[in-house]
Amino acid sequence: MEEAMTSAIYPMTAPAQAVADRWTQAALSCEPADHARAEAAARLAYQAAAKPDPSRFLWCPSPPAAVEHLRRLLDDGHSSLVSSVRRGNLNQSLATARAPIWEHTSERDQFTAFGDFHQFMEWTGYYGEQRYDGLEARYDLMEYPYRCNPVTEPERTTLKPVLDTVRRVYRLVQGPVWAAIDRNLTASYTMQPAWFRDSARIIVDQDDEGHAVVRYCLNPRDWFFDPAWNYYPDWLLLATIDTYQTVLGAAPDAAWEGCREVALAAGPWWPLTDVAIISERPSVLRVNAHGQLHAEDGPAVVWPDGSQVWARDGKVLPSPSPADAGAAGTSSQGRYGC
């Protein structure tokens, strides 16, 4: 990268800073993927979700190429296992890490946490609209509240600076990258089964622990960074679980370990029945001093197959003609890369 991402937005302890650094660096890495490590980790994630190991791994030279393969495999009848192998494993580990904290919280603090948590979810619109009866008396539509333990204030105070730092990568880098990829897809609705959240029309998924915790800590009003969130959200939830383990001394369920290792070894991945699709990392990724996706005289992101994203100050630009792109690449030879 041309410039390092700025440090945490909020002051953090050294262990919390280490967690934030680990997952921002994973999200921005240009190191060649470790195929053996990633494949072993993917098998571990399948096993944790009680799914048969994939019979093959399909390595793709870029996320755009991976998405095209993903669509064809879905059309051919392969079923997505994102909900169980990635989302389910991470939610399971997060719930296990959080349970002892709630059990050791005093009754008074539990009462306060419950009220604060559900009031926040209700009044920020996650539990639905405010309704009125025939007499104009308001009642709260809370048919589908989260069933997870409410987030206590110590949890929120510890998690927020870490998650703010990691989320910033989504907002400034991954969001623009995936928006550019998404614009080039056709019939994108066919991809919904392979999204991390394939239930976008449901206001609340009651069992989605990660969604509840991150929403309460960050209050993101962008529906979880679509489309970047739907394609590769693991860094944020992995940072959450890592914070519980590293900073709060909790012991998460081992189910997250496979997802953790894939994220540290390779680019985005999608588990399907019989086959796991894994993308290579970019060979070039440039940001400016503010952490925004940016390059002055060439592509801001380049993958091994030549796929590119051009951007300045976080704003994606139309790709130049092949002749112009070649000239820019030649004049900047050796100046790109992490």
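Going by the structure above, here's the rest.
Thresholds, definitions, all that
Residues numbered from 1 in each chain as written. Predicted model: local features only at pLDDT ≥ 70, side-chain atom pairs only at ≥ 80, totals over all residues. Heavy atoms only, no water. Helix = DSSP H or I, 4+ residues; strand = E, 2+ residues; numbered from the N terminus. Contact = heavy atoms within 4.5 Å. Core = buried A, V, L, I, M, F, W, Y, C linked by side-chain atoms within 4.5 Å. Buried < 20%, exposed > 50% of the residue type's maximum accessible area, 1.4 Å probe, protein only. Pairing = 2+ DSSP bridges. Axes fitted to C-alpha atoms, helices over the stretch in contact; angles between N-to-C directions.

Chemist: Kindly report on the environment of G267, identifying the contributing residues and their values.
Modeler: With respect to the secondary-structure elements, G267 resides in the loop between helix 10 (257–265) and strand 4 (269–271). With 35 residues separating them in the primary sequence, G267 and Y232 have C-alpha atoms 9.0 Å apart. Once you skip the residues sitting within four places of it in the chain, G267 turns out to touch Y232, I278, S279, E280 and R281.

Chemist: Can you explain the nonpolar core? Please cite residues and give values.
Modeler: Of all hydrophobic cores here, the largest spans 96 residues; its most connected members are W23, F117, W235, W269, W270 and I277. Broken down by element, the residue count for this core peaks at 12 residues, all from helix 6 (residues 153–183). Apart from the residues within four sequence positions on either side, F117 is in contact with Y127, Y146, C148, P150, V151, A212 and Y216.

Chemist: Describe the sheet that holds strand 7 (residues 301–302), listing the residues and the values that go with them.
Modeler: An order of 6-7-8-9 is seen for the four strands of this open sheet, with the pairing classed as antiparallel. Here the strands that pair on one side only, and so sit at the sheet edges, are strand 6 (284–285) and strand 9 (315–317). In this structure, strand 6 lies alongside strand 7, joined through two bridges in antiparallel fashion. Within strand 7, the residue paired with V284 across the bridge is V302. Across the sheet, helix 6 lies against strand 6, strand 7, strand 8 (308–312) and strand 9, angled at about 35° from strand 9, the strand it touches most.

Chemist: Provide a residue-level description of the side chain of H211, including the pertinent values.
Modeler: Position of H211 among the secondary structure elements: in helix 7 (residues 209–218). Residue classification places H211 among the buried positions, given a relative accessible area of 4%.

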